[in-house]
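Residue-level listing of the chains:
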Amino acid sequence: MYDPSQLRTFLAVAQTLSFTQAARRLGLRQSTVSQHVRRLEDAAGRQLFTRDTHSVELTEDGEAMLGFARRILEVHEQAAAFFTGTRVRGRLRFGASEDFVLTRLPQILEGFRYDHPEVDLELTVELSGTLHEQLAAGKLDLVLAKRRPEDPRGELVWHDDLVWIGAERLRLDPDRPVPLIVFPPPGITRALALEALERQGRPWRIVCTSGSLNGLIAAARAGLGVMAHSRGLVPPGLFRVPDRAGLPELGEVDFVLVHGHSRRPAPARNAAGALAAAILTGALR
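Report on the accompanying structure.

Scoring rules and cut-offs
Residues numbered from 1 in each chain as written. Predicted model: local features only at pLDDT ≥ 70, side-chain atom pairs only at ≥ 80, totals over all residues. Heavy atoms only, no water. Buried < 20%, exposed > 50% of the residue type's maximum accessible area, 1.4 Å probe, protein only. Helix = DSSP H or I, 4+ residues; strand = E, 2+ residues; numbered from the N terminus. Pairing = 2+ DSSP bridges. Right-handed = clockwise from strand over helix to strand, strands pointing away. Axes fitted to C-alpha atoms, helices over the stretch in contact; angles between N-to-C directions. Parallel < 35°, antiparallel > 145°, perpendicular 65-115°, else oblique. Left-handed = near helix turned anticlockwise from the far one by under 90°. Contact = heavy atoms within 4.5 Å. Nonpolar A, V, L, I, M, F, W, Y, C, P; charged D, E, K, R; others polar. Phe/Tyr/Trp six-rings, centres within 6.5 Å; stacked < 30°, edge-to-face > 60°.

### Some words on the pairing of strand 5 (residues 142–147)
Here is step 1: Counted residue by residue, strand 5 has 6 buried out of 6 residues, so it is predominantly covered.
Here is step 2: In strand 5, alternate side chains face the same way, and those of Leu142, Leu144 and Lys146 on one face and Val143, Ala145 and Arg147 on the other are all buried.
Here is step 3: When strand 3 (residues 90–96) meets strand 5, the two strands line up parallel, connected through 3 bridges. By the bridge assignment for strand 5, glycine 95 is matched with valine 143.
Here is step 4: Note that strand 5 and strand 11 (residues 252–259) share 6 bridges and pair antiparallel. By the bridge assignment, lysine 146 is partnered in strand 11 with phenylalanine 255.

Here is the structure:
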């Protein structure tokens, strides 16, 4: 009833909320993406997206289709692997930014380990900038990390706004420098926060530096200052700083998957491809 290629296209559009970005991710023409979505809507007898020239949004039926599409594709891939006799195996060196590790990633990795027990998965958790450096040096096979929106590297998994967050009772004195809680260099959110404050001409001071997101969260919960963070991944116990505080807009950030050198052995490349597919699907949960 539902074509797997159409379901994959639907998931890509639902992930990016853009027919153009979905086409780029899948290596298809935009007209083909539109055709796949239209045929899936015809098969379901329901409208899955509301779209105009400016935006794409999931309908209520589209939200319901997300879960069905993910489960159908998972079973489809398991059946294909079983009957073709292909099993993913080998050592996979995977690097991930702590933002995802503390939120969505554990469930995805649990499912991946269940589906691919012969993969020897080695996880590295680091700053996004450090992960990109290690990937370029050949020390990792696959990376899930942040990038600036203008950076062309990687396959888009998640697109989000950066926002200022802090303790609920935190009050900023407009006559004093903004107290900042930041990652050390080369943290991407650190760089974007400092650039935004410099553009506004707002003085600032660093009150906490930590290479651990848990360390930053603890400092923010204690009311030491504010930190820049992805809007969709705000940790419990922290809140968006209200607009009346006058802090500058931080812009946007992308979470992307970046593959390592193509010269890596075939088992590592196959394992990286399988995990990338699991992440792209599981990020929609």
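Picking up after the structure, the text goes on.
### Points about the pairing of strand 8 (residues 204–209)
Here is step 1: Judged from the 5 bridges that link them, strand 7 (residues 178–182) and strand 8 form a sheet pairing that is parallel. Paired with valine 178 across the strands is tryptophan 204, a residue of strand 8.
Here is step 2: One crossover worth recording links strand 7 to the parallel strand 8 by way of helix 8 (residues 188–200), and it is right-handed.

### Examining the packing of helix 1 (residues 4–16) against helix 2 (residues 19–26)
To describe two helices that pack against each other, one gives the angle between their axes and the distance between the axes.
Here is step 1: The geometry of helix 1 relative to helix 2 is characterised by a closest axis approach of 8 Å and an angle of 125 degrees between their N-to-C directions. Here helix 2 runs oblique to helix 1, going by the angle between their axes. Like other packed secondary-structure pairs, helix 1 and helix 2 cross with a definite hand, here right-handed. Where helix 1 abuts helix 2, its residues Arg8, Thr9, Ala12, Val13, Gln15 and Thr16 lie against Phe19, Gln21, Ala22, Arg25 and Leu26.
Here is step 2: Per-class residue counts for the contact of helix 1 with helix 2 are 5 nonpolar, 4 polar and 2 charged.

### Quick word on the packing of aromatic side chains
Here is step 1: What the rule picks out here adds up to 2 aromatic pairs.
Here is step 2: Between phenylalanine 10 and phenylalanine 49 the ring centres are 5.4 Å apart and the planes differ by 50 degrees, which places this aromatic pair in the tilted class. With phenylalanine 10 in helix 1 and phenylalanine 49 in strand 1 (residues 49–51), this pair connects stretches of sequence that are 39 residues apart.
Here is step 3: Its relative accessible area of 0% is what places phenylalanine 49 among the buried residues.
Here is step 4: On the basis of an interplanar angle of 70 degrees and a centroid distance of 6.2 Å, the ring pair of phenylalanine 19 and phenylalanine 49 is categorised as edge-to-face. Of this pair, phenylalanine 19 sits in helix 2 while phenylalanine 49 sits in strand 1; the two residues are 30 residues apart in sequence, bridging distant segments of the chain.
Here is step 5: Since its relative accessible area comes to 9%, phenylalanine 19 is described here as buried.
Here is step 6: Taken together, the aromatic side chains of Phe10, Phe19 and Phe49 make up a single cluster linked through ring pairs.

Scope: geometric values only; no functional claims are made or implied.
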